[in-house]
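# Chain and residue survey
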Amino acid sequence: MIDEFERLDKNIMNEFLHVIRDIYHSRQDYKLRSVILISVGYLSGILEDNASPFNIAEHLEVPYFTKEQVYDLLSQHEKETGQIFEEKVKELGITQQDNQD
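Residues numbered from 1 in each chain as written. Predicted model: local features only at pLDDT ≥ 70, side-chain atom pairs only at ≥ 80, totals over all residues. Heavy atoms only, no water.

### Focus on helix H1 (residues 10-25)
To keep things clear, this is the line we draw: Put simply, DSSP H or I for four residues or longer makes a helix, DSSP E for two residues or longer makes a strand, and each gets a number counted from the N terminus. An expected span of 1.5 Å times one less than the residue number is assigned to each helix. Remark: exposure states derive from per-residue accessible area (1.4 Å probe, protein chains only) relative to the maximum for the residue type, with buried under 20%, exposed over 50%, and partly exposed in between. Comment: arc refers to directions from the helix axis out to C-beta atoms.
Compared with an ideal rise of 1.5 Å per residue, which puts 16 residues at 22 Å, H1 spans 23 Å between its outermost C-alpha atoms and is within 8% of the ideal. Among the residues making up H1, those that are buried are Met13, Asn14, Leu17, Ile20 and Arg21. With its buried residues spanning 115° around the axis, H1 presents them on a single face. Along H1, exposed side chains directed more than 90 degrees from the buried face belong to Asn11 and Glu15.

### A closer look at helix H3 (residues 67-81)
Taking 1.5 Å of rise per residue, the 15 residues of H3 would be expected to cover 21 Å, and the 21 Å separating its terminal C-alpha atoms lies within 8% of that figure. Positioned one or two residues after H3, Gly82 has a phi angle of 80°, which is positive.

Take a look at the structure:
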């Protein structure tokens, strides 16, 4: 799983995808089961050639967390780590999210 995949240099990105494709074709040796590339944009528009590792791509829209979900996640973090967030920090996260809609 690779997060922020779109931040890679395009040449490196395409070369990397070709490496994954080569590994896939030799999957008996490598036992590659899956590759997850996480991006904020649609990768097909970024790629300059047909470097899709398996010629399979699925675009999955993930909605923003609701205010309740954000507070729940931050509360879980606070309980597990002891790091307490000030109310204004919690609200700032919600405000920034609203501005992106």
